[in-house]
Amino acid sequence: MPVVDQRTAPRTPRRRPAPRLAVRKSPSRRGGTGRSRNLWPYALVAPAVGGMLYLLVYPLVRAVLISFQDFRLRQLIAGDADFVGLRNYRTLLTDPRFWEVVRRTFLFMAVNVVLIMVIATLVALMVERLGRIGRTVVLCSLVLAWAMPVVAATTVFQWLFHSEFGIVNWSLTSLGLDSFDRYPWFANGTAAFAILVTLIVWQSVPFAAITLYSALTTVSPELYESARLDGAGAGRIFRSVTFPILRPIFLLVVSLEVIWTFKAFVQIWVMTRGGPGDATTILPVYAVQTALSSQRYDLGSAASMVTVVLMSGVLVLYFRQMLRQEDETR
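Remember, it's a predicted structure, so these values are computed and weren't measured experimentally.

1. A look at the nonpolar core
At step 1: Phe108, Met117 and Val258 are the most contacted members of the largest nonpolar core, which totals 66 residues.
At step 2: Per-element accounting of this core gives the leading share, 15 residues, to helix H8 (residues 189-216).

2. A closer look at the pattern of salt bridges
Opposite charge on two side chains allows them to pair when their charged atoms are near.
At step 1: Considering all chains together, one arrives at 7 salt bridges under this definition.
At step 2: A salt bridge links Arg103 to Glu100, with the shortest nitrogen-to-oxygen separation between them at 2.6 Å. Of this pair, Arg103 and Glu100 both sit in helix H4 (residues 96-129), 3 residues apart, roughly one helical turn.
At step 3: Overall, Arg103 belongs to the partly exposed group, its relative accessible area being 46%.
At step 4: By relative accessible area, which is 33% here, Glu100 ends up partly exposed.
At step 5: Linking Glu100 and Arg104 is a salt bridge whose minimum nitrogen-to-oxygen distance equals 3.7 Å. On the criterion of helical spacing, the pair formed by Glu100 and Arg104 is a turn pair, its members being 4 residues apart in helix H4.
At step 6: In the salt-bridge network here, residues are joined through shared partners; they are Asp70, Arg72 and Arg87.

3. Observations regarding the packing of H4 against helix H10 (residues 234-262)
At step 1: Where H4 contacts H10, the two axes come as close as 10 Å, and the packing angle between them is 140°. Here H10 runs oblique to H4, going by the angle between their axes. Note that H4 runs across H10; the crossing there is right-handed. For the pair formed by H4 and H10, the contact residues are Thr105, Phe106, Phe108, Met109, Asn112, Val113, Ile116, Met117, Thr121 and Leu125 on the first element and Phe238, Phe250, Val253, Val254, Glu257, Val258, Thr261 and Phe262 on the second.
At step 2: When grouped by side-chain class, the residues that make up the contact of H4 with H10 number 13 nonpolar, 4 polar and 1 charged.

4. Some thoughts on the environment of Leu139
At step 1: By secondary structure assignment, the location of Leu139 is in helix H5 (residues 132-147).
At step 2: Judged by relative accessible area, which is 22%, Leu139 ranks as partly exposed.
At step 3: Sequence separation between Leu139 and Val127 is 12 residues; the distance between their C-alpha atoms is 7.9 Å.
At step 4: Beyond its immediate stretch of four places on either side in the chain, Leu139 contacts Val127, Ile210 and Tyr213.

Thresholds, definitions, all that
- Here the residue numbers are simple positions, counted from 1 along each chain's written sequence.
- Where totals are concerned, whole chains, interfaces and linings use all residues; where local detail is concerned, this predicted model gives features only for residues with pLDDT of at least 70, and gives and counts side-chain atom pairs only at 80 or more.
- As a convention, hydrogens and water are excluded, and side-chain values are obtained from all of the structure's heavy atoms.
- In this description, a nonpolar core means a group of buried Ala, Val, Leu, Ile, Met, Phe, Trp, Tyr and Cys residues linked to one another through side-chain atoms lying within 4.5 Å.
- Relative accessibility under 20% of the residue-type maximum defines a buried residue, over 50% an exposed one, and the middle range a partly exposed one, all with a 1.4 Å probe and only protein chains included.
- Strands are runs of DSSP state E lasting at least 2 residues, helices are runs of H or I lasting at least 4, and numbering of each runs from the N terminus.
- Counted as salt bridges are all cases of a side-chain nitrogen of Lys or Arg within 4 Å of a carboxyl oxygen of Asp or Glu.
- To get an axis, fit a line to the C-alpha atoms, keeping to the stretch in contact for a helix; angles then go from 0 to 180 degrees between the N-to-C directions.
- Roughly parallel means an angle under 35 degrees; roughly antiparallel, over 145; roughly perpendicular, 65 to 115; everything else is oblique.
- It is the rotation of the near helix from the far one that decides the hand of a crossing: anticlockwise by less than a right angle makes it left-handed, clockwise makes it right-handed.
- Note on contacts: a residue pair is in contact if any heavy atoms of the two residues lie within 4.5 Å.
- Here the nonpolar group is Ala, Val, Leu, Ile, Met, Phe, Trp, Tyr, Cys and Pro; Asp, Glu, Lys and Arg are the charged ones; every other residue, Gly included, is treated as polar.

No statement about biological role is implied by the geometric values presented.
Below, the structure is given as structure tokens:
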């Protein structure tokens with residue numbers, strides 16, 4: 001068989017591909033396509049943003065305008081309210097009852113936030129140390145308690161402390177405390193205040209505990225082992241290892257609980273309507289009472305604006321203090 005040398009073998013010529021015609025897009029078309037592509041995400045978000053502005057911003061702006069007007073029942077129907085400047089705020093700030101309500105609001109907020117954060121931190125630390133079954137049971141219980149509607153939970157607490165049919169009075173009487181037979185819990189200002197604090201804490205602890213437990217899962221176990229090898233106890237480990245890592249989440253939870261307790265209106269209105277007397281009246285309840293009792297919607301709006309300003313001031317001071325402490329520890 002003859003051997004063909006590759007160097008002398010004839011080569012078949014390759015067909016060159018036909019040159020492609022480059023189609024140039026006009027600048028206007030290219031720019032229009034890019035602009036529409038950039039605006040498309042904003043178009044998708046626009047309905048949600050518009051609904052949020054209408055449901056949140058518009059009522060706030062409307063309340064601000066009413067607080068500067070002479071707005072009563074006649075103006076609500078006719079719609080010819082006159083601007084009176086700061087007269088409503090002067091009337092509000094010179095009312096001794098208003099300042100008593102402010103003091104009670106801050107006391108109510110402080111007691112609730114402290115109890116919520118202490119109990120939630122302890123529950124989160126306990127859940128971290130439980131086994132899989134115990135952790136699942138506790139977390140499911142927290143979620144169920146957190147998911148209960150506010151009005152339903154308030155109604156349950158009303159029946160628990162009912163003077164004749166409540167299980168609390170029955171339990172205390174069964175233990176030999178006959179003084180609690182048909183005891184009127186909601187007729188005593190201190191008792192009603194304590195019941196409301198218990199209700200708010202019971203409703204708020206699940207969210208705070210689950211959030212703090214989620215943050216605890218991000219702490220490396222090696223840090224705990226190193227601290228124990230250095231001879232640190234449980235308290236020292238929490239102060240030096242756990243809390244510095246949880247500080248941002250702790251700050252967030254505290255701010256949310258301040259807002260939650262500041263606007264705790266539904267529980268108080270359903271259970272006591274601010275009574276007995278003014279024992280459970282805080283600023284949101286005071287604003288509604290002022291607006292509904294004498295149809296002074298202008299004073300009620302002014303009280304709502306003062307509530308917003310006070311709550312914002314508390315959060316700003318708290319954030320500044322926490323950020324200052326973080327700067328000092330660096």
